[in-house]
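# Report on the structure
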Amino acid sequence: MTNSAQPADAGRPTANAMRRALRRARDGVALDVTEAAVLLQARGEDLEDLAASAARVRDAGLEAAGRAGVITYSKSVFIPLTRLCRDKCHYCTFVTVPGKLRRAGHGMFMSPDEVLDIARKGAALGCKEALITLGDKPEDRWPEAREWLDAHGYDDTIAYVRAISIRILEETGLLPHLNPGVMSWTDFQRLKPVAPSMGMMLETTAERLWSEPGGPHHGSPDKEPAVRLRVLEDAGRSSVPFTSGLLIGIGETYEERAESLFALRRVARSYHGVQELIIQNFRAKPDTAMRGMPDAEIDDLVATVAVARHVMGPSGCIQAPPNLVDGEYGRLIRAGIDDWGGVSPLTIDHVNPEKPWPQIEALAEQSAAEGFELRERLCVYPEFVRRGEPWLDPRLRPHVDALALESGLANPDAEVRGLPWQEPDEGYVASSGRTDLHRTIDTEGRTADRRDDFDEVYGDWEALREQAAPGMVPSRLDGDVRSALATAADDPTRLTDDEALTLLHADGAALDALCSVADDVRKSVVGDDVTYIVTRNINFTNVCYTGCRFCAFAQRRTDADAYTLSLSQVADRAAQAWDVGAVEVCMQGGIHPDLPGTAYFDIAGAVKERVPGMHVHAFSPMEVVNGATRTGLSIREWLQRAKESGLDSIPGTAAEILDDEVRWILTKGKLPAATWIEVVKTAHEVGLRSSSTMMYGHVDQPRHWLGHFRTLAAIQQETGGFTEFVTLPFIHTNAPVYLAGIARPGPTTRDNRAVTAMARLLLHPHIPNIQTSWVKLGTEGAAEMLRSGANDLGGTLMEETISRMAGSGYGSYRSVKDLVAIAEAAGRPAKPRTTLYGEVPDERVQAAAASDGHLPELLPVLDA
């Protein structure tokens, strides 16, 4: 590690390089990393020039935001929930060890009483933010932390953070801003309902400062730059207003510091969720490994603030901690900051305890001296207060509104008092909206081809376009097709990845041969019967704020096509399906922000109460995670509760492609691949079987299909819980990612045949049933897939909204006779089945035959 807090670049930039970079900054031209690194070294008159242009960028942004001449701060209390941590940062005095805590008479965590005492005192002083800071996952390193959590009934630190946040909201009225360190995507789902904003400093993207012995982050698993960038992205995917920033002067070079700023800009532009950047200067502290390093100079801080302003642009919010700037408030304001961060009239800065907060009155005077009015904000920035959903959970909205002005800034006269935080009182929302969409989608269509918030809700389309470019045109391989076909025909389980990729690219005569081999394997495994199920789809709501870019089904609650069914409407539809011979209802819905986590139990229970013999096949892994995080239950506990309520199996949808390289282009906020795998494996372990699926033909390549198949096969070998594999060709017509010009227009016929055939071969013998989708492929397309290795046609559906909203032209239902006809077109007999591929009782067969599995009329809109 360098022994200087200043960047260790070799030599200063030339005068010509500095003049050119300053001119580009003055002219408002976008800087690149090299130019930013040059400007970070501006000093003297060059630094004044840089700061002046940065201030102009800041001023333009403030004017556009409606708060010209305003600098903000948050009146807060600092709550160090625990000072234990599994990391070993070489500059940190915040973190301690269990023995020191015991000797000082402290517990491993602050108790609820200690937390609430601080929060109440803060509320009495008009504070509105509870800044909850703590070490990363202390239970992973310290048995004492694990023992404390166990003794108090918490599974992990995040569970305690969630619980104490609810108490702060209910008992004091302060808004929690959470800094628990590195979080997973699931952690964000757990904490989002209890905190309007969260944060974590990126600090630096310089990996060597983490990986090399002696580096400031060496030995700290949570300081790996790639891990921290993933956290920032997961925050954006989860629509969490997020604070991040840099710690400057810890040994990084100017180039590395510039790269860190551009990494933050990339995340901010991709997800629109970075609410502020903190530029914090390193201050050496006694009793640390870096106690001998000099502090970052004020010139270095001023230059970094100014460059950060240029890189982030006028809409970015830039903060410098006022207790670390040695009284140089004016210079920081002139360099482009627009926020002073959290300032407490009650508590110290526990991370920098030697540096007291300035008095708020003094800060106002310093700001006024530079021509700015100091205004109070909340922990969540005004832009996000005004945006509302999906950035603010509905359960937090009353808490935020109680403290906010119409502008989104804090109301200085607001009474800070506790308000109830709870799931909706009624347990389940009433029906609303276009509840006849299942019927009118085929006759009247959708109101518009896209949502009104198309340009904002899905993230930055330009950034996505660059990210997706490699997948737009699938690569071709020149492997030995004959050899690969011979292996497949002899023993598909011996196909290597290279052979499998060769076959996934097959075309012409080779594709015909591949499909013939797959069809032979199909015949040997499951025979000639084409199975189908008499089932009804019930999509109980299409209100969703997840932001899946391939989904044309999701609507905001105020959109013309939005709807939510009541429990009685769900039960009525299930009963009507039973009357015409159904053995299953397949129920999925959007991630409605008003639906409590227990609503899924109510839905399953309503169907079972009305139709006890109906198999309830419901709730995608995304819905499972939503239910678990909303109830505070583990995934296992939630699935067990759902099973007790009547759930019989789950659909393996929400898989899309089990490769996050593709998932994060397709979706903004859906669960990562690892979480999908966790949900389905847990479901299988508790006795809930599932289907498995793959949606393809968008921004993917055959290598992604291969990885997906290998993953499913491995899960099935472990659990045996998959009933079938379902091919889901991407329907592009109304899909946002296609309308934005990023995705391909769905798979080709070649793709469909190759995927179906290779599903048969690569999943053999673990998943014997391969299903094709008549909804997405039509009659002729489905028949062709039956000749390519598929043996199942899925269900009658009776109603289908998701694919139709996306633009599928193949209708919303098929009668039993229709499905039999598809099988006959492939030269095969048809046979009804149950969800688990068992024999259908005679009574059900006769009921389906009498009605042809066809509803006499779809249920009308009901007032319920």
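These remarks concern the structure in this document.

Cut-offs and rules
- Per-chain numbering applies: the sequence of each chain, read as written, is numbered from 1 onward.
- Totals for whole chains, interfaces and linings use all residues, but because this is a predicted model, local features are given only for residues with pLDDT of at least 70 and pairs of side-chain atoms are given and counted only at 80 or more.
- Derived side-chain values reflect all non-hydrogen atoms in the structure, with water molecules and hydrogen atoms excluded from consideration.
- Going along the chain from the N terminus, every DSSP run of H or I of four or more residues is numbered as a helix, and every run of E of two or more is numbered as a strand.
- Under the convention used throughout, the expected extent of a helix is 1.5 Å for every residue step, that is, one less than its residue count.
- A simple rule labels every residue: compare its accessible area, found with a 1.4 Å probe on the protein chains alone, to the largest value its type can have, and call it buried under 20%, exposed over 50%, or partly exposed in between.
- Contact between two residues is taken to exist if any of their heavy atoms lie within 4.5 Å; hydrogens are not considered.
- By definition, two strands form a pair when at least two bridges between them are found by DSSP.
- Here a cavity is any set of points on a 1 Å grid over the protein atoms alone where a 1.4 Å probe fits but cannot get out, and a pocket is any open set with protein on both sides within 12 Å along at least 5 of 7 lines; a residue lines the site when it has an atom within 4 Å of a point.
- Grid points are joined across faces, edges and corners, and a volume is the space filled by probe spheres set on the points.
- Three classes are used, and their members are as follows: Ala, Val, Leu, Ile, Met, Phe, Trp, Tyr, Cys and Pro are nonpolar, Asp, Glu, Lys and Arg are charged, and the others, Gly among them, are polar.
- Between rings of Phe, Tyr and Trp, where Trp is taken as its six-membered ring, a pair exists when centres lie within 6.5 Å; planes separated by under 30 degrees are stacked, by over 60 edge-to-face, and by other angles tilted.
- Placement of a charge over a ring requires the Lys NZ or Arg CZ to be within 6 Å of the ring centre, with the centre-to-atom vector within 35 degrees of the ring normal.
- Cysteine sulfur atoms that come within 2.5 Å of each other are treated as a disulfide pair.
- To get an axis, fit a line to the C-alpha atoms, keeping to the stretch in contact for a helix; angles then go from 0 to 180 degrees between the N-to-C directions.
- Angular relationships are summarised with four words: roughly parallel below 35 degrees, roughly antiparallel beyond 145, roughly perpendicular across 65 to 115, and oblique for the angles in between.
- The term salt bridge refers to a side-chain nitrogen of Lys or Arg lying within 4 Å of a carboxyl oxygen of Asp or Glu.

### Looking at helix α29 (residues 702–719)
Taking 1.5 Å of rise per residue, 18 residues should cover 26 Å, and α29 covers 26 Å from first to last C-alpha, within 8% of that figure. Those residues of α29 not exposed but buried are Pro-702, His-704, Trp-705, Leu-706, His-708, Phe-709, Leu-712, Ala-713, Ile-715 and Gln-716. Tucked into the core, α29 has its buried residues touching α21 (497–504), α27 (660–666), α28 (673–685), β17 (689–696), β18 (722–729) and α31 (749–762).

### Describing α31
Taking 1.5 Å per residue as the helical rise, α31 with its 14 residues ought to reach 20 Å, and the 20 Å between its terminal C-alpha atoms agrees with that figure. Of all 14 residues that make up α31, 13 are buried, and the element is covered over most of its length.

### Describing the pairing of strand β1 (residues 70–82)
With 13 of 13 residues buried, β1 is to be regarded as a mostly interior element. Pairing of β1 with strand β9 (residues 373–377), which is carried by five bridges, proceeds in the parallel orientation. Note that in β9 the partner of Ser-74 across the bridge is Arg-377. With three bridges joining them, β1 and strand β8 (residues 339–343) adopt parallel strand pairing. When the sheet's bridge partners are listed, Ser-74 is paired in β8 with Gly-342. Sheet topology note: the β1/strand β2 (residues 129–134) ladder contains six bridges and is parallel. Looking at the pairing, Val-77 lines up with Ala-130 of β2.

### Concerning the layout of surface pockets
Summary: where empty space remains is shown by rolling a probe the size of a single water molecule over the atoms. Taken as a whole, the second largest pocket holds about 630 Å³ of empty space. Residue lining of the second largest pocket: 31 residues in total, with Ser-184, Thr-186, Asp-187, Arg-190 and Glu-678 positioned closest to the centre. The set of elements that each furnish at least two residues to the lining of the second largest pocket consists of α7 (157–171), α8 (185–191), α10 (225–237), α25 (621–631), α26 (635–645), α27 and α28. The element best represented in the lining of the second largest pocket is α7, accounting for five residues. By residue class, the composition of the lining of the second largest pocket is 12 nonpolar, seven polar and 12 charged.

### Re the packing of aromatic side chains
If you walk through the whole model with that rule in mind, you get 16 aromatic pairs. The interplanar angle of 75° and the centroid separation of 5.6 Å between the aromatic rings of Tyr-600 and Trp-638 together place this pair among those described as edge-to-face. You can see Tyr-600 sitting in helix α24 (residues 599–610) and its partner Trp-638 sitting in helix α26, a full 38 residues away along the chain. Summarising the burial analysis for this pair, Tyr-600 and Trp-638 share the class buried. Geometrically, the ring pair formed by Trp-676 and Phe-722 is stacked, given 6.5 Å between the ring centres and 25° between the ring planes. With Trp-676 in helix α28 and Phe-722 in strand β18, this residue pair connects regions lying 46 residues apart in the sequence. Among the residues examined, Phe-722 registers a relative accessible area of 1% and is labelled buried. Among the aromatic side chains, those forming a connected cluster through ring pairs are Phe-540, Tyr-600, Phe-601, Phe-619 and Trp-638. Of note, Arg-387 hangs over the ring of Phe-384, and the distance from its end group to the ring centre comes to 4.3 Å. Positioned over the ring face of Tyr-837 is Arg-833, at 4.0 Å from the centre of the ring.

### Observations regarding the state of the cysteines
This structure, assessed with the given rule, holds zero disulfides. Just so you know, Cys-127 is unpaired, no disulfide at all, and the nearest cysteine sulfur is the one on Cys-379, 12 Å from it.

### A word on empty space enclosed by the protein
Here the structure, examined in full by the defined rule, presents five cavities of 30 Å³ or more. If you add up the space inside the second largest cavity, you get close to 350 Å³. Lining the second largest cavity are 24 residues; nearest its centre among them are Gln-189, Lys-192, Ile-591, Asn-626 and Arg-630. Classifying every residue of the lining of the second largest cavity gives 10 nonpolar, eight polar and six charged.

### So, the environment of Thr-546
With respect to the helices and strands, the residue Thr-546 is situated in the loop between β12 (535–539) and β13 (563–564). Judged by relative accessible area, Thr-546 falls into the buried class, the value being 10%. When the C-alpha positions of Thr-546 and Glu-784 are compared, they lie 35 Å apart, and in sequence the two are 238 residues distant. In this structure, Thr-546 is in contact with Arg-237, Ile-591, Met-622, Lys-668, Gly-669 and Lys-670, ignoring residues within four places of it in sequence.

### A word on the packing of α25 against α26
Running from amino to carboxyl end, α25 crosses α26 at an angle of 105°, the nearest separation of the two axes being 9 Å. Taken together, the axis directions place α25 and α26 in an arrangement best described as roughly perpendicular. Of the residues in α26, those in contact with Val-624, Val-625, Gly-627, Ala-628 and Thr-631 of α25 are Ile-635, Trp-638 and Leu-639.

### Comments concerning unusual backbone geometry
As a rule of thumb, non-glycine residues mostly have phi less than zero, and peptide bonds are mostly trans rather than cis. Cis geometry marks the peptide bond from Glu-389 to Pro-390, where omega comes out at 5°. Relative to the elements of secondary structure, Pro-390 occurs in the loop between α15 (382–387) and α16 (397–401). The amide bond that connects His-764 to the next residue, Pro-765, takes the cis arrangement and shows omega of -5°. Position of Pro-765 among the secondary structure elements: in the loop between α31 and β19 (770–771).

### Observations regarding the pattern of salt bridges
Considering all chains together, one arrives at 55 salt bridges under this definition. Arg-522 is the salt-bridge partner of Asp-528, the closest N and O atoms lying 2.8 Å from each other. Residue classification places Asp-528 among the partly exposed residues on the basis of a relative accessible area of 32%. Connected via shared salt-bridge partners are Arg-230, Glu-233, Asp-234, Arg-237 and Arg-266.

### Section: the environment of Val-611
Relative to the helices and strands, Val-611 resides in the loop between α24 and β15 (615–618). The exposure class assigned to Val-611 is buried, which follows from its relative accessible area of 4%. Along the sequence, Val-611 and Lys-223 sit 388 residues apart, while their C-alpha atoms lie 54 Å from each other. Excluding anything up to four places from it in sequence, Val-611 contacts Ala-574, Ala-575 and Trp-578.

### Thoughts on the pairing of β18
Counting buried residues in β18 gives eight out of eight residues, a clear majority hidden from the surface. Both β17 and β18 contribute to a ladder of six bridges, which runs parallel. In the sheet register, Met-694 faces β18, and the bridge partner there is Thr-727. Two elements, β18 and β19, share two bridges in a ladder whose sense is parallel. Counterpart to Val-726 in the pairing with β19 is Gln-771.

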